[in-house]
Amino acid sequence: MKSIIKGFFFFSLVFSFPGQALLVEKVVARVGEGMISLMDLKLYRRQLARNVVPESLLFKLTSRRVLLSRKDRLLEFMVSKKILESLVEELDFQPSEKQVQRIIKKIKGRLKEKAFARRLSQNGLSLKKLREEIALALKIDFLLTQEVVSKIIVSENDINSYYFNKKGKSLFKHYEYDITSLSFPRTDKGIKSARAARKAYKSMSVEEISRTFSGQLKTNQLKTGEMQGVMEKTLASLSVSDMSDPIPMGDHLYLFRLNWKTPLLTRAAEKIKTRIHKSLFEKELKEALTKWLEEKKTDFSVKVLSLPKTA
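Source: prediction; values computed, not measured. (Residues numbered from 1 in each chain as written. Predicted model: local features only at pLDDT ≥ 70, side-chain atom pairs only at ≥ 80, totals over all residues. Heavy atoms only, no water.)

Draft legend 1. How the structure looks around the overall build of the protein. Counting secondary structure elements, the protein contains 11 helices and 9 strands. For the protein, whose C-alpha radius of gyration is 31 Å, the value lies well above the compact-globule estimate of 19 Å for 311 residues. The principal-axis extents of the C-alpha atoms in the protein amount to approximately 110 × 50 × 40 Å. Within the protein, the proportion of its 311 residues that are buried is 37%. Surface accessibility of the protein: about 19,400 Å² in total, with carbon and sulfur atoms responsible for 52%. Here the protein carries 60 positive and 35 negative side-chain charges, and the mean point of each set is 8 Å from the other. (Helix = DSSP H or I, 4+ residues; strand = E, 2+ residues; numbered from the N terminus. Rg over C-alpha atoms; globule rule 2.2 N^0.38 Å. Buried < 20%, exposed > 50% of the residue type's maximum accessible area, 1.4 Å probe, protein only. Areas by Shrake-Rupley, 256 points an atom, 1.4 Å probe, with all protein chains shown as cover. Lys, Arg positive; Asp, Glu negative; His and termini not counted. Charge placed at Lys NZ, Arg CZ, Asp CG, Glu CD.)

Now the structure itself:
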């Protein structure tokens, strides 16, 4: 199939009615068997400016402000919308009346019935047409949620890395650790056993090491602030599944294996984490939507034509 092909001309639709002059309508894009006219573009822009267009995940691609100020971006948006409308035709999903009514109520705001009907009419809509547009938007959201949104994962590491790169320090300062420790007496024999046990970790499990080198095995869950400083510093430097070198603490030497760790956040850090998660998710969503739509465009014969400067 052909990809997007830009040109410098316009198709024209010519309609004739008895006793009337010819009406010529410029076509600015073709999407499969469908088309988008200059009139469609202007009407949708007006509806967008008057806030009578239902929200959908498609608006994650481009902000309304950009769509209202850039007609070329608005045309790209409408092409994507046209493709999605074709894709949801065979979708086995019907929005509920409750969903539709909730969106109508949001668009209507505090307007009375007659004022709302007048507002719709002034923008080329009827209540029936608005309901159809809302149903389409809900179907599009259902499809995009299944195909795109559900596949986006923002991990704790993503959030921490983002914060670290921006601030130069880790967002997570407190953790709960699950650790397995092996202790040996702080004697010449114990020191040799501890060093040999550490080397053996490459080829043996912690349990095997404990039996082979007579180390005392113990598993604990501890939080930041509940440990001696040297132990806390050691654990902070380990990655999951790593084992430390022998650490002297009191009368014993310890080997610490980090099984897992979970961030413990302060209330302020939780708010930061939430904001970062939202920012990263929306960035991932925009990129994933753009890529997914570009792939879908290959299934359609799409031609986007140049807009007139006076459009």
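Draft legend 2. Structural detail: helix H4 (residues 97-108). Compared with the 16 Å implied by 1.5 Å per residue over 12 residues, the 16 Å span of H4 between its first and last C-alpha is a close match. Buried within H4 are the following residues: Val100, Ile103, Ile104, Ile107 and Lys108. Burial along H4 is one-sided: seen end-on, the buried residues are contained in an arc of 135°. Facing away from the buried side of H4 by more than 90 degrees, the exposed set consists of Lys98, Arg102, Lys105 and Lys106. Next to the buried residues of H4 lie helix H5 (113-122) and helix H6 (127-147). Just beyond H4, the residue with positive phi is Gly109, at close to 65°. (Expected span 1.5 Å × (residues − 1). Arc of directions from axis to C-beta. Contact = heavy atoms within 4.5 Å.)

Draft legend 3. Quick look at the layout of surface pockets. Taken as a whole, the largest pocket holds about 400 Å³ of empty space. Lining the largest pocket are 19 residues; nearest its centre among them are Tyr44, Met78, Lys81, Lys129 and Glu133. Mapped onto the lining of the largest pocket, the elements with two or more residues apiece are strand E4 (34-37), helix H1 (38-49), helix H3 (71-87) and H6. (1 Å grid on protein atoms, 1.4 Å probe; cavity = no way out; pocket = protein on both sides within 12 Å on 5 of 7 lines; lining within 4 Å. Points joined across faces, edges and corners; volume = space filled by probe spheres on them.)

Draft legend 4. Spatial organisation of the sheet that holds strand E6 (residues 216-223). Pairing is antiparallel in the open sheet, where 4 strands are placed in the order E6-E5-E8-E7. For this open sheet the edge positions go to E6 and strand E7 (247-249), each flanked by a neighbour on one side alone. Averaged over all pairs of adjacent strands, the angle between strand axes in this sheet comes to 40°, irrespective of strand direction. Note that strand E5 (residues 174-185) and E6 share 8 bridges and pair antiparallel. Note on E6: the bridge partner recorded for Ser181 is Lys218. (Pairing = 2+ DSSP bridges. Axes fitted to C-alpha atoms, helices over the stretch in contact; angles between N-to-C directions.)

Draft legend 5. Structural context of empty space enclosed by the protein. With the rule as written, the count across this model stands at 1 cavity of 30 Å³ or more. Estimated volume of the largest cavity: approximately 100 Å³. Looking at the largest cavity, it is lined by 14 residues, and the ones nearest its centre are Tyr44, Pro54, Ser56, Lys81 and Ala137. If you tally residues by element for the lining of the largest cavity, the top one is H6, at 4 residues. Class assignment for the residues of the lining of the largest cavity results in 9 nonpolar, 1 polar and 4 charged. (Nonpolar A, V, L, I, M, F, W, Y, C, P; charged D, E, K, R; others polar.)

Draft legend 6. Just the packing of helix H7 (residues 156-167) against helix H11 (residues 267-297), in detail. Put simply, H7 and H11 touch, their axes get as near as 10 Å, and they point 100° apart. With respect to their mutual orientation, H7 and H11 come out roughly perpendicular. On the side of H7, the interface is formed by Glu156, Asp158, Ile159, Tyr162 and Tyr163, while H11 contributes Ile272, Lys273, Ile276, His277, Ser279 and Leu280. Taken together, the residues of the contact of H7 with H11 sort by class into 6 nonpolar, 2 polar and 3 charged. (Parallel < 35°, antiparallel > 145°, perpendicular 65-115°, else oblique.)

Draft legend 7. Quick peek at the environment of Val52. Of note, Val52 is situated in the loop between H1 and helix H2 (64-69). Distance in space between the C-alpha atoms of Val52 and Ile134 is 10 Å, their sequence separation being 82 residues. When neighbours within four sequence positions are excluded, Val52 is seen to be in contact with Gln47, Ile107, Arg119, Leu120, Asn123, Leu125 and Leu130.

Draft legend 8. The arrangement of the side chain of Asn160 in detail. Here Asn160 shows up in helix H7. When its relative accessible area of 17% is taken as the criterion, Asn160 is described as buried. In this structure Asn160 touches Ser170, Leu171, Phe172 and Tyr175, once residues within four positions along its chain are discounted.

Draft legend 9. Main features of the pattern of salt bridges. Under the counting rule described, the total for this entry stands at 12 salt bridges. Note that Lys283 is salt-bridged to Glu287, the shortest N-O span being 3.0 Å. In this pair, Lys283 and Glu287 are both assigned in helix H11, 4 residues apart and thus about one turn of the helix distant. Salt bridges linked by common partners bring Lys81, Glu85, Lys129 and Glu133 together as one network. (Salt bridge = Lys/Arg side-chain N within 4 Å of Asp/Glu carboxyl O.)

Purely spatial values, then, with no claim about function.
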